[in-house]
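Each chain, written out:
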Amino acid sequence: MAVSPVHAPRHRRIRPTRSRRGHAIAAALTATVLAGAAGSAAADTDTTVVTKPTVVLVHGAFADASSWNAVVERLQHDGFSVVAPANPLRGLAGDSAYIADFLKSIQGPIVLVGHSYGGAVISTAAAGNSQVKSLVFVNAFMPDKGEALGALGDRFPGSELAAALKPVPFRNADGTSGTDLYLRAAKFHQAFAADLPAAVAAVMAATQRPIVASAFMDKAAEAAWKTIPSWALVSTRDKAISPALERFEAQRAHAQTVEVDASHVALVSHPDAVTDLIRQAATGGGSYYAQPALAGTGLNTLVLAGFGVLAGGTVLMGFGLSGAARKRREPGR
């Protein structure tokens, strides 16, 4: 026969459940906080963040910064910060100093790119600047220290630049005179931009910026390609700088090199190829330049763990004291 609960003998029940529940909650709380602390400690081991470099584009002679327009659009589409400062074209020493000072206004890593005469400028301007991580030379002069551009250009046949030049004398503010060099409009297309439509080349000829003649006699003060990883683009149909010279310079600099079927202005006629090369230089062979992050907060991790243990112990102590109080109140104790 079943025993009715009403007539069942009443027994004093021992209540170990809450005590065990307190242990379980405290243990769970402690484990959770410790797990979070461990996760924080693991995260602290990652001390680098990924930073895209700023790409600085330096134009050459007989051109201006707009010659980079198509490359700028592609790099900006990729999320790069891009600047194309004006190259004064007043002489290698002064132009290099100008670009070197401009670079100081940029924070973070830099990929420095030069076209034509701009290659000689960046090779001097980058010297001693630890922010410049890569150099990219596009149909460029890459002089060694002590080399003059005119003499360097004469080492290999194939350039039609000298025959296309038009000298224009000018007077400086102090009364001294100088000579600017332009490209003759009638020869601009063939010598400078043969793979562009004639109408496009005509606009470029009309808006060209001259370079002071003495720049080709200036000797390079530095050769940053000796210490900074370099990339080079050679145009096989270049009539301004001999492709043979471009190959020689690239090999001498141990530059990673690509060749394209283009004229001297590959940056205008083949912007995809030029942009791809800059991307390679920007990734340094695999990943964007890593910058140190804030140091790992190991002390914070230990503190969190300590609080976790303390919290667990407090909860456990609370349940223990509560249980002890109940036992004292129970009759017969």
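Heads up: these notes are all about the structure in this document. (Residues numbered from 1 in each chain as written. Predicted model: local features only at pLDDT ≥ 70, side-chain atom pairs only at ≥ 80, totals over all residues. Heavy atoms only, no water.)

**A look at the environment of Ala 253**
Heads up, the condition is: A helix here means a DSSP run of H or I that spans at least four residues, while a strand means a run of E at least two residues long, and both kinds are numbered starting from the N terminus. Note on definitions: a residue-residue contact is assigned when non-hydrogen atoms from the two residues lie within 4.5 Å.
Position of Ala 253 relative to the elements: it lies in the loop between helix H9 (243-252) and strand E10 (256-260). As a C-alpha pair, Ala 253 and Pro 143 span 110 residues in sequence and 9.8 Å in three-dimensional space. Sequence-distant contacts of Ala 253, that is, excluding residues within four places in its chain, are made with Met 142 and Trp 225.

**Some points on the packing of helix H7 (residues 185-192) against helix H8 (residues 198-206)**
Packed helices, taken two at a time, are described by the angle between their axes plus the distance between the axes. Condition: Inter-axis angles, ranging from 0 to 180 degrees, are taken between N-to-C directions of lines fitted to C-alpha atoms, where helices are fitted over the stretch in contact. For classification purposes, an angle smaller than 35 degrees is called roughly parallel, one larger than 145 roughly antiparallel, one from 65 to 115 roughly perpendicular, and anything else oblique. Here a crossing is taken to be left-handed if its near helix is turned anticlockwise relative to the far helix by less than a right angle, and right-handed if that turn runs clockwise. By the convention adopted, Pro, Cys, Tyr, Trp, Phe, Met, Ile, Leu, Val and Ala count as nonpolar, Lys, Arg, Asp and Glu as charged, and the other residues, Gly among them, as polar.
Between H7 and H8, whose axes approach to 9 Å, the crossing angle comes to 120°. The orientation of H7 with respect to H8, classified from their angle, is oblique. Helix-helix and strand crossings are classified by hand; for H7 and H8 the assignment is right-handed. Counted together, Ala 185, Phe 188, His 189 and Phe 192 of H7 and Ala 198, Ala 201, Met 204 and Ala 205 of H8 form the full contact between these two elements. Taken together, the residues that form the contact of H7 with H8 break down as 7 nonpolar, 1 polar and no charged.

**Some details on the layout of surface pockets**
To find the voids left in a structure, one rolls a probe of water-molecule size over its atoms. Definition in use: Cavity means a closed set of points on a 1 Å grid over the protein atoms alone, one where a 1.4 Å probe fits but cannot get out, pocket means an open set with protein on both sides within 12 Å along at least 5 of 7 lines, and lining means a residue has an atom within 4 Å of a point. Grid points are joined across faces, edges and corners, and a volume is the space filled by probe spheres set on the points.
In this structure, the largest pocket encloses a volume near 300 Å³. Every residue lining the largest pocket is counted, 17 residues in all, and those nearest its centre are Gly 150, Gly 153, Asp 154, Leu 161 and Ala 162. The set of elements that each furnish at least two residues to the lining of the largest pocket consists of helix H5 (149-153) and helix H6 (161-164). Considering each element in turn, the lining of the largest pocket owes the most residues, 3 residues, to H5. The residue inventory of the lining of the largest pocket, partitioned by class, reads 11 nonpolar, 5 polar and 1 charged.

**Describing empty space enclosed by the protein**
This model, assessed by the stated rule, comprises 1 cavity of 30 Å³ or more. In terms of residue class, the lining of the largest cavity is made up of 9 nonpolar, 2 polar and no charged.

**Section: the pattern of salt bridges**
The following threshold applies: What counts as a salt bridge is simple: a side-chain nitrogen of Lys or Arg found within 4 Å of a carboxyl oxygen of Asp or Glu. Think of it in three bands: residues with accessible area under 20% of the maximum for their type are buried, residues over 50% are exposed, and the middle band is partly exposed, with areas taken using a 1.4 Å probe on protein chains only.
Tallied over the entire structure, the rule returns 10 salt bridges. In this structure, the salt-bridge partner of Arg 74 is Asp 272, at a minimum N-O distance of 2.6 Å. Linking Arg 74 in helix H2 (residues 69-77) with Asp 272 in helix H11 (residues 271-283), this pair joins segments that are 198 residues apart in sequence. The exposure class of Arg 74 is partly exposed, given its relative accessible area of 26%. On the accessibility criterion, Asp 272 (47% relative accessible area) is partly exposed. Residues Asp 144 and Lys 226 are paired through a salt bridge, measuring 2.9 Å at the closest nitrogen-oxygen approach. Of the two residues, Asp 144 sits in the loop between strand E5 (132-138) and H5 while Lys 226 sits in the loop between strand E8 (211-212) and strand E9 (230-235), which places them 82 residues apart along the sequence. You can call Asp 144 buried: its relative accessible area is 17%.

**Quick look at unusual backbone geometry**
Even without being glycine, Phe 62 reaches a positive phi, approximately 65°. Mapped onto the secondary structure, Phe 62 falls in the loop between strand E2 (54-58) and H2. Residue Phe 62 is classed as buried on the basis of its relative accessible area, which comes to 3%.

**A closer look at the packing of aromatic side chains**
We apply this condition: Classification of ring pairs uses Phe, Tyr and Trp, with its six-membered ring standing for Trp, and accepts pairs whose centres are within 6.5 Å; under 30 degrees between planes counts as stacked, over 60 as edge-to-face, and the remaining range as tilted. For a Lys NZ or an Arg CZ to count as sitting over a ring, it must be within 6 Å of the ring centre and within 35 degrees of the ring normal.
What the rule picks out here adds up to 3 aromatic pairs. A centroid spacing of 6.1 Å and a plane angle of 90° characterise the contact between Phe 62 and Phe 192, whose relative ring orientation is edge-to-face. Of this pair, Phe 62 sits in the loop between E2 and H2 while Phe 192 is found in helix H7, placing the two residues 130 residues apart along the sequence. Judged by its relative accessible area of 2%, Phe 192 falls in the buried class. Judged by centre distance (4.9 Å) and plane angle (50°), the rings of Phe 188 and Phe 192 are tilted. Remark: Phe 192 and Phe 188 occur in helix H7; sequence separation between them is 4 residues, near one turn of the helix. Linked through ring pairs, Phe 62, Phe 188 and Phe 192 together constitute an aromatic cluster. Positioned above the aromatic ring of Phe 80 is the side chain of Lys 52, whose terminal nitrogen or guanidinium carbon lies 4.9 Å from the ring centre.

**Some thoughts on the sheet that holds strand E7 (residues 177-183)**
Applicable threshold: Only when DSSP finds a minimum of two bridges between them are two strands counted as paired.
Across the sheet, which stays open at both edges, the 3 strands sit in the order E6-E7-E8 with antiparallel pairing between neighbours. On the outer flanks of this sheet lie strand E6 (165-171) and E8, each paired with one strand and no other. Direction of pairing for E6 relative to E7: antiparallel, over a ladder of 7 bridges. Bridging across to E7, Leu 165 finds its partner in Leu 183.

**Re helix H3 (residues 92-103)**
The test is simple: The span one expects for a helix is its residue count, reduced by one, times 1.5 Å. Read the arc as the range of directions from the helix axis to the C-beta atoms.
Helix length check: H3, at 12 residues, gives a terminal C-alpha distance of 16 Å against a target of 16 Å (1.5 Å per residue), a fit within 8%. Listed as buried for H3 are Leu 92, Asp 95, Ser 96, Ile 99, Ala 100 and Leu 103. The buried residues of H3 occupy an angular sector of 135° when the element is viewed end-on, so they sit on one face. The secondary structure elements touched by the buried residues of H3 are E2, strand E4 (110-115), helix H4 (117-125) and E5.

Note that every value here comes from positions in space, so none of it alone points to a role or purpose.
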